[in-house]
Amino acid sequence: MKIMYIHFHDLTDERIHRHLLGLLAEFTPLVQALPPDAALADVSGSLRYFGTDATALAERIRARTGGLYGLRSTVGVAANPMLARMVAADGPPSAVRTLPDDLDAVAAFLAHKPAAALHGVGPATARTLSSYGLDSVGRIAAAPLGTLQRILGAAAGRRLHDAARGIDPVPVVPAAPARSVRVEHGFSEDELDRDRQRAVLLGLADRLGLRLRAESQAARALTLTVRYADRTTTTRTRALREATAHTPPLTALARDLHDRLGLQRARVRHFALRADDLIPAELATHQLLFDPADDRARRIEAVVDRARGKYGAQAVRPAGASRVA
């Protein structure tokens, strides 16, 4: 199996992302969107048709996307989605990197990676593993399955055991609904001003709500990740009162997560806001407030969404976020 993970750099327009997915579909029907700026493509059945290998096909895709849309891209080519993601991130941007389908090559590639490099291993799990001396993928791969299951539980231990050996059974699923939606903002220099940080969060929550509504999804939880000047990060997750794609509750929770971090003197370099535990919008319930202001806000939001759909996402933006996000 040959899987490509394609990351399009500096992509902010959702419409262009959809066009890029259409371009990838010219090479293979097995294309899975990874909004806002990436995609997976299974090209196993396309190589004989195009008479080339996966690396050369990836270079052809990079040339097409660059020529048509002026975008730089990084492509990782490997035997499964997890390895393709990891090899794409293993070096400077704007390149094609290929991991051979060889057990020894995969083991050597993974051996010295930190535990957090494995997809699904978050900061808390990485700290737990590190406390047992399992701070690298190589050490995790050498640990018995039973040990990992005692540390993390039966299912999570099994998944980690497989991942550390380069095994990822998850297929590329065309048009699969996203499990989460993420938006982010990087500051050009260390940001200490709390008001400016909050203005960025307003812009991120607005973008997140717009994307959720465009994809007819609703979020049950929100995750805020803050990266500091020393490259350390803090991540906080909280559930929403009800599944929603409505911008005001997303904004309120994002600001509450920010306030609880107490970043008065922190030198912030990057914010990421992620909508988690997504469900189809038609399954989301809405508590009736009998509040004219809430009804009016939702009607205005629908009008704004239609304007953005016609004139672009930047056509209408929250005033407080206009300078920074």
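The preceding data block contains the structure.
Right, let's walk through the structure included here. This one's a predicted model, so the numbers in the text were calculated from it and none came from an experiment.

### Side note on unusual backbone geometry
Then step 1. Phi is positive for Ser216, which is not a glycine, with a value near 55°.
Then step 2. By the secondary structure assignment, Ser216 is in the loop between helix 10 (194-214) and strand 7 (217-228).
Then step 3. Its identity is not glycine, yet Asp277 carries a phi of approximately 55°, on the positive side.
Then step 4. Looking at the secondary structure, you find Asp277 in the loop between strand 9 (268-276) and strand 10 (279-280).

### Some words on helix 4 (residues 81-88)
Then step 1. Among the eight residues of helix 4, seven are classified as buried, and the element is accordingly described as predominantly covered.
Then step 2. Listed in full, the buried residues belonging to helix 4 are Pro81, Met82, Leu83, Ala84, Met86, Val87 and Ala88.
Then step 3. Residues of helix 4 that are buried make contact with strand 1 (3-8), strand 3 (38-42), strand 4 (73-78), strand 5 (96-98), helix 5 (103-111) and helix 9 (154-163).
Then step 4. The distance from a side-chain oxygen at the start of helix 4 to the backbone nitrogen of Met82 is 3.2 Å, and the residue carrying that oxygen is Asn80.

### Brief notes about the nonpolar core
Considering soluble globular proteins, one finds that nonpolar side chains tend to be buried as a cluster.
Then step 1. Counting 31 residues, the largest nonpolar core has Leu118, Leu129 and Ile140 as its most contacted members.
Then step 2. Those elements giving two or more residues to this core turn out to be strand 1, strand 3, helix 4, helix 5, helix 6 (123-131), helix 7 (137-142), helix 8 (145-152) and helix 9.
Then step 3. At six residues, the largest contribution of residues to this core is made by helix 4.
Then step 4. Setting aside its immediate chain neighbours within four residues, Leu129 contacts Ala115, Val121, Leu134, Ile140, Ile151, Leu152 and Leu160.

### Considerations on the pairing of strand 3
Then step 1. Among the five residues that make up strand 3, five are buried, leaving the element largely enclosed by the rest of the structure.
Then step 2. Side chains Ala38, Leu40 and Asp42 of strand 3 all project onto a buried face; the interleaved residues Ala39 and Ala41 project onto the opposite face, where all are buried too.
Then step 3. Pairing of strand 1 with strand 3, which is carried by five bridges, proceeds in the antiparallel orientation. Bridge pairing in strand 3 places His7 opposite Ala38.
Then step 4. Sheet topology places strand 2 (residues 31-34) next to strand 3; four bridges connect them, and they run antiparallel. Bridging from a neighbouring strand, Gln32 pairs with Leu40 of strand 3.

### Concerning the environment of Leu278
Then step 1. Its location among the elements puts Leu278 in the loop between strand 9 and strand 10.
Then step 2. Sequence separation between Leu278 and Lys2 is 276 residues; the distance between their C-alpha atoms is 29 Å.

### Topic: the packing of aromatic side chains
Then step 1. Within this structure, the stated rule accounts for three aromatic pairs.
Then step 2. For the pair Tyr49 and Phe50, a centre-to-centre distance of 5.1 Å together with 85° between the ring planes defines the contact as edge-to-face.
Then step 3. Three or more aromatic residues joined by ring pairs form one cluster here, namely Phe27, Tyr49 and Phe50.
Then step 4. A cation over a ring is seen here: Lys113 above Phe109, with NZ or CZ 4.1 Å from the ring centre.

### So, the pattern of salt bridges
Then step 1. Within this structure, the stated rule accounts for 17 salt bridges.
Then step 2. Salt-bridge contacts for Asp10 lead to Arg72; the nearest nitrogen and oxygen are separated by 3.7 Å. Placement of the pair is Asp10 in the loop between strand 1 and helix 1 (14-25) and Arg72 in the loop between helix 3 (54-69) and strand 4, with a sequence separation of 62 residues.
Then step 3. The residue Arg64 makes a salt bridge to Glu26 at a minimum N-O spacing of 2.9 Å. One end of the pair, Arg64, is in helix 3; the other, Glu26, is in the loop between helix 1 and strand 2, and 38 residues separate them in sequence.

How each quantity is defined
- Residues numbered from 1 in each chain as written.
- Predicted model: local features only at pLDDT ≥ 70, side-chain atom pairs only at ≥ 80, totals over all residues.
- Heavy atoms only, no water.
- Helix = DSSP H or I, 4+ residues; strand = E, 2+ residues; numbered from the N terminus.
- Buried < 20%, exposed > 50% of the residue type's maximum accessible area, 1.4 Å probe, protein only.
- Contact = heavy atoms within 4.5 Å.
- Polar contact = N/O pair within 3.5 Å; in protein donor to acceptor, adjacent residues only side chain to side chain.
- Core = buried A, V, L, I, M, F, W, Y, C linked by side-chain atoms within 4.5 Å.
- Pairing = 2+ DSSP bridges.
- Phe/Tyr/Trp six-rings, centres within 6.5 Å; stacked < 30°, edge-to-face > 60°.
- Lys NZ or Arg CZ within 6 Å of the ring centre and 35° of its normal.
- Salt bridge = Lys/Arg side-chain N within 4 Å of Asp/Glu carboxyl O.

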